[in-house]
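# Coordinates in review
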Amino acid sequence: MTTQTDVAASTLAAVSFAADLARFGDRTAIHHDRGSLSYAELAAQVESTARSLGPVRRLVALEAENSLPSLVAYLAAFAAGHPLLILPSGGGDASAALVEAYDPDVVISSAGRASLIQERREGTGHVLHPELALLLSTSGSTGSPKLVRLSAAGIQANARAIAEYLDLRPGDVAATTLPLSYCYGMSVVNSHLAVGAAIALTNVSVVDPCFWELMHSRKVTSFAAVPYTFDLLERVGFAEMELPALRHVTQAGGRLAPEKVRSYAQLGQSRGWDLFVMYGQTEATARMAYLPPDLAEAHPESIGVPIPGGEFHLEPVPGLDASELVYTGPNVMLGYAESPEDLAAGRTVEKLHTGDLARRTPEGLYEITGRRSRFVKIVGLRVDLGQVERKLTALGVAAAVAGTDEGIVAAVEGEHDLPMLTGILARELGLPRGTVTLHQVEELPRLANGKPDYPAVLAMGGTPASAGTSCSNDTRCSGGTPTSTDAAQAAAPRQDTVRLAISDALDRADIDGADTFVSLGGDSLSYVAASVRLEKLMDVLPTGWHLMQVAELEALAEAPHRGETGNKALRALRSLVPPLDTGIVVRAVAIIFIVSSHIDLFEWQGTAHVLMGLAGFNFARFMLAGTRRERLRRQLRAVVRIVVPTVAVVALGLMITEKYNWTNILLLNSLLGTRKFGTNEHFWFIEALVYILLGLAALLAIPAADKALRRWPWMFPMVLVGLDLLLRFDVIVLPRSWQGPMLWLFALGWAAAVSRNVWQRAAVSAVVLLSVPGLFPNEHRNATIMVGMLMVIWIATIPVPRFLHRAVSVLAGASLYIYVSHWLVFPLFNKQYPALAVAVSLVVGIVYGALATRAMNLVERLLANRRPSRATDAIPKEQP
């Protein structure tokens, strides 16, 4: 039974914006993957979930995700005054450690499109302070959970302050580019809901074309970014995008280089949006300062001014000629918690010592000059590790620097003269040369949130992270994001295997936690190899894994498998018949059918045309990320990897059989050779695919076409479908054609890959069903094409017995090589043994694929090694 004390405490701990959602009525509150919710509808769902939590205040733990059920549970706890403990999404060791340490009364986790509410006891087993509303982890505390205690009043005050300086309006729409479990991402949701604005829920990365489709379709006015996000924005050509609804981009979560602040501030001015550089920590709920956009270009190194209602002052640090930045305001935490008993405590902190060293400029702006915990004392000399990084930056060297009182360890990105750099640093810092150690890396190690992974850097020097002084730099607003070192300690073999699977598939070692398979240059062939390895590490390889960060995949591999607690029979069945990517299955089956039909083992035509649609599907998945230059390079690389092994086989065939001619060598037979199908037409599929890829590479290199693609990612390929169907139905007749037009099938696969709702997939399916009939006189062949295309459109995975996974994946990965080589293999066998001819053709193609891939990888490495160093010339020569 609820007591008066319970009611009073709930009222005091309720967060106002969550309790008053209904006041905004029919205004749109949430855009999600199935539609939109008004504030009235959201309020009803929040109220229903709040009732299910019971009338007594309880400690509620939530696995926070960017999903509607998770957001509703988050708001329900706030509205009803239940203190909320935020757990990392997806479960795992970090989540389990928090649950074990704080013993919550209720645990809420994701269960598809609903939330699973686990009641761990009736009522509550805790004494909860009346003001306590939210518990967030501090960075790196997953081993021994240390939580920040936040009050309802502080959360509300910070949301209002952010809304005020950003000038948020009811018509604004924010995209959830950051996790709800991260205090920065949480503050975006809070501040927008506080003023009746809308949230566009999404989990997709900014490198995914679907994100930019969302920006346009939902008329998104703002998105939040951490420093690494800006690297990704450069990859996708953000500077060239037309985003008429965008009002502002916010940045926090670490220091953004001043030159980037200035560059994006100028870009925003030219494009009609503002850049807000912000500063905050979990201990201040989220935000403490912001840099007014009109000052960003002139003062890009500044964190700006305190947020409305907050104040800064500087306190001298004993032993240092510097001052620490101290913040006061209503959003300062109540204090820390290290055990459940601390949840009964009231306010123990009145002012927040940020740990950052700062100065105040004559203009009244604040600048961070260093961090107290980023100082080490080597042979009696204090060394600012941040200053060491800045010295290297001034030399044109990207680096992450960690250290202990024993010495400095730096990870240096790219190829540089490390002995020379070591000498320069030691001399300028006044340190013995032996105390400075530099390690060359392809890319700086980063955490899942994009910040430098200083514990990993420290470990390069052979020093455990726990043995050093602080290795963090403005990472306290992580909302409990575990470091990659934490993950490595928890499950090193699996983490290594995740990276090793991708490394082996792509034949590269420069893999960072923030990379994605696509950003690393993955294509449809390497996708197959990586999929087989990765699926062994988790219950189900998630759809779209190729767009997930490596660190996210590692977290999935490290997390306890959800199936371990499920129905034993279902778990056993899934273990025996796990799902496999539909594209992989289709490629394997298609190549068997193609070869078998050519050898007359049996006849089943149409699968080659399905493969053309699948080629378009994979083109959309792997060839469209990045800037125009990066995309063009990736597309031309794909063409080379198709042309080289094909031409090699044709050249061999010309030498030993004389069946082919120069039009085959140049892959021009479809344009210049005979139109009658025969020996010279063996490679029609390869020629058509190469023509399409080259044509699209040229088209998308045009700025206007690139801009159109980014604005209309689904409509763009559908327009190509329509244009080529004019040829398909002879509305336009060209002087010469080959085997019927093929671009429309390719473009339909492309459109299927970028379809983001049922209606778009249904539209693509309708075009397939209307355009394929009559393509060939053989209706069985047409039916095969339609069924295959519909499988690609609608079915993401197909259950396949586990013992067949390896064989299916090998066949799919070698399908190109089997296709081009089988023409020379099966004629060697007597027609009385077609099954043997098929088997040998498959084996030879697999072997040829392995050798060709290894040879092309070797050539690429040799060419890459000949590229000059990016920054060596900028380093001053060491004086004798």
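Residues numbered from 1 in each chain as written. Predicted model: local features only at pLDDT ≥ 70, side-chain atom pairs only at ≥ 80, totals over all residues. Heavy atoms only, no water.

Moving on: the overall build of the protein chain. A count of helical and extended segments in the protein chain gives 32 helices and 27 strands. In the protein chain, 69% of the contacts between residues at least 6 apart in sequence involve partners at least 24 apart. (Helix = DSSP H or I, 4+ residues; strand = E, 2+ residues; numbered from the N terminus. Contact = heavy atoms within 4.5 Å.)

Below, the discussion takes up the sheet that holds strand 7 (residues 132-137). With respect to topology, 7 strands assemble into an open sheet ordered 6-5-3-4-7-8-18, the strand pairing being mixed. Either end of the sheet is taken by a strand with one partner, and the two such strands are strand 6 (114-119) and strand 18 (335-337). Taken over all neighbouring pairs, the strand axes of this sheet differ in orientation by 30° on average, direction set aside. Where strand 4 (residues 84-87) and strand 7 come together, 2 bridges link them in parallel fashion. The partner of leucine 84 across the bridge, within strand 7, is leucine 134. Contacts between helix 6 (residues 152-165) and the sheet are confined to strand 7 and strand 8 (147-151), with strand 8 contributing the most and set at about 80° to the helix. (Pairing = 2+ DSSP bridges. Axes fitted to C-alpha atoms, helices over the stretch in contact; angles between N-to-C directions.)

With that out of the way, let us pick up the confidence of the model for the protein chain. Should the pLDDT be low somewhere, the predicted coordinates at that spot are not to be read in detail. The predicted model of the protein chain averages 84 in pLDDT, with 85% of residues at 70 or higher. Taken together, the stretch residues 1-5 has pLDDT below 50 and engages in 5 contacts with residues farther than four places along the chain or on a different chain. Segment residues 139-144: pLDDT under 50, and 10 contacts once partners within four positions in sequence are set aside and those in other chains are kept. (pLDDT = per-residue confidence, 0-100.)

Strand order in the open sheet made by the 9 strands is 2-1-10-9-11-12-13-14-15, with mixed pairing throughout. Single-partner strands in this sheet number two, and they are strand 2 (35-38) and strand 15 (305-306).

Turning next to the nonpolar core. Formed by 110 residues in total, the largest nonpolar core has its most connected members in Ile686, Phe746 and Trp750. Among residues more than four places away in sequence, those in contact with isoleucine 686 are Ile642, Thr646, Leu667, Leu816, Tyr819 and Val820. The next biggest cluster of nonpolar side chains, apart from the first, holds 80 residues, and it includes Ala43, Ala50, Tyr74 and Ala161. (Core = buried A, V, L, I, M, F, W, Y, C linked by side-chain atoms within 4.5 Å. Buried < 20%, exposed > 50% of the residue type's maximum accessible area, 1.4 Å probe, protein only.)

A few words now on the packing of helix 20 (residues 607-622) against helix 24 (residues 684-700). Relative to each other, helix 20 and helix 24 sit at 25°, their axes nearing to 11 Å. If you check the angle between helix 20 and helix 24, you find them roughly parallel. Of the two possible hands of crossing, helix 20 and helix 24 adopt the one that is right-handed. Where helix 20 approaches helix 24, its residues Ala608, His609, Leu611, Met612, Ala615 and Phe619 are matched on the opposing element by Trp684, Phe685, Ala688, Leu689, Ile692, Leu693, Leu696 and Leu700. Broken down by class, the residue content of the contact of helix 20 with helix 24 amounts to 13 nonpolar, 1 polar and no charged. (Parallel < 35°, antiparallel > 145°, perpendicular 65-115°, else oblique. Left-handed = near helix turned anticlockwise from the far one by under 90°. Nonpolar A, V, L, I, M, F, W, Y, C, P; charged D, E, K, R; others polar.)

A separate point is the packing of helix 6 against helix 7 (residues 183-194). Two elements in contact, helix 6 and helix 7, have axes whose closest approach is 8 Å; the angle formed by their N-to-C orientations is 75°. Here helix 6 lies roughly perpendicular to helix 7, going by the angle between them. Facing helix 6, whose interface residues are Ile155, Ala159, Arg160, Ile162 and Ala163, helix 7 presents Ser187, Asn190, Ser191 and Ala194. Of the residues belonging to the contact of helix 6 with helix 7, the class tally is 5 nonpolar, 3 polar and 1 charged.

Now for the side chain of serine 809. With respect to the helices and strands, serine 809 occurs in helix 30 (residues 802-813). Judged by relative accessible area, which is 5%, serine 809 ranks as buried. If sequence neighbours within four positions are ignored, serine 809 has contacts with Val528, Val532, Leu580 and Ile584.

Attention now goes to unusual backbone geometry. Residue aspartate 103 is not a glycine yet carries a positive backbone phi of 45°. Positionally, aspartate 103 belongs in the loop between helix 5 (93-102) and strand 5 (106-111). Accessibility expressed as a relative area gives 30% for aspartate 103, which makes it partly exposed. The residue lysine 219 is not glycine, and still its phi comes out positive at about 50°. Topologically, lysine 219 is positioned in the loop between helix 8 (209-217) and strand 11 (222-225). Residue classification places lysine 219 among the exposed positions, given a relative accessible area of 57%.

Burial analysis of helix 9 (residues 227-235) places 7 of its 9 residues in the buried class, the great majority of the element. Those residues of helix 9 lying buried are Pro227, Tyr228, Thr229, Phe230, Leu232, Leu233 and Arg235. Along its buried surface, helix 9 packs onto helix 8, strand 11, strand 12 (248-251), helix 10 (258-271), strand 13 (274-279) and helix 21 (628-656). A positive backbone phi angle near 70° is found at glycine 237, which sits one or two residues after helix 9.

Aromatic rings in a pair are described by how distant their centres are and how their planes are angled relative to each other. One pass over the full model with this rule turns up 30 aromatic pairs. For the ring pair phenylalanine 223 and phenylalanine 238, a centre distance of 5.9 Å and an interplane angle of 85° mean the geometry is edge-to-face. Of this pair, phenylalanine 223 sits in strand 11 while phenylalanine 238 sits in the loop between helix 9 and strand 12, placing them 15 residues apart in sequence. Accessibility classification places phenylalanine 223 together with phenylalanine 238 in one group, the buried group. Put simply, the rings of Phe211, Trp212, Phe223, Phe230, Phe238, Tyr264 and Trp273 touch in pairs and so form one group of aromatic residues. Here the guanidinium or amino end of lysine 146 rests over the ring plane of tyrosine 336, the centre of that ring lying 4.1 Å away. Across the ring face of phenylalanine 729, the terminal group of arginine 728 is positioned such that the distance to the ring centre comes to 4.3 Å. (Phe/Tyr/Trp six-rings, centres within 6.5 Å; stacked < 30°, edge-to-face > 60°. Lys NZ or Arg CZ within 6 Å of the ring centre and 35° of its normal.)

Now for a nonpolar patch on the surface. Judged by side-chain polarity, Trp712, Met715, Val719, Leu723, Leu726, Phe729, Val731 and Ile732 come together as a nonpolar surface patch covering roughly 760 Å² of accessible area. Residue placement: tryptophan 712 occurs in the loop between helix 25 (703-711) and helix 26 (715-728). Overall, tryptophan 712 belongs to the partly exposed group, its relative accessible area being 48%. (Patch = residues over 30% accessible without salt bridge, like charges linked within 9 Å, V, L, I, M, F, W, Y side chains within 5 Å. Areas by Shrake-Rupley, 256 points an atom, 1.4 Å probe, with all protein chains shown as cover. Salt bridge = Lys/Arg side-chain N within 4 Å of Asp/Glu carboxyl O.)

In this section: the pairing of strand 16 (residues 311-316). Note: strand 16 against strand 17 (residues 323-328), 6 bridges, orientation antiparallel. What sits directly across from proline 316, in strand 17, is serine 323. Where strand 16 folds back onto strand 17 in an antiparallel hairpin, the turn is made up of 6 residues, including glycine 319, whose phi is positive at roughly 85°.

Where strand 19 (residues 352-360) meets strand 20 (residues 366-371), 5 bridges bridge the pair, whose relative direction is antiparallel. Pairing of arginine 360 across the sheet is with tyrosine 366, part of strand 20. Between the end of strand 19 and the start of strand 20, which pair antiparallel, lie 5 residues, with glycine 364 showing a positive phi angle near 85°.

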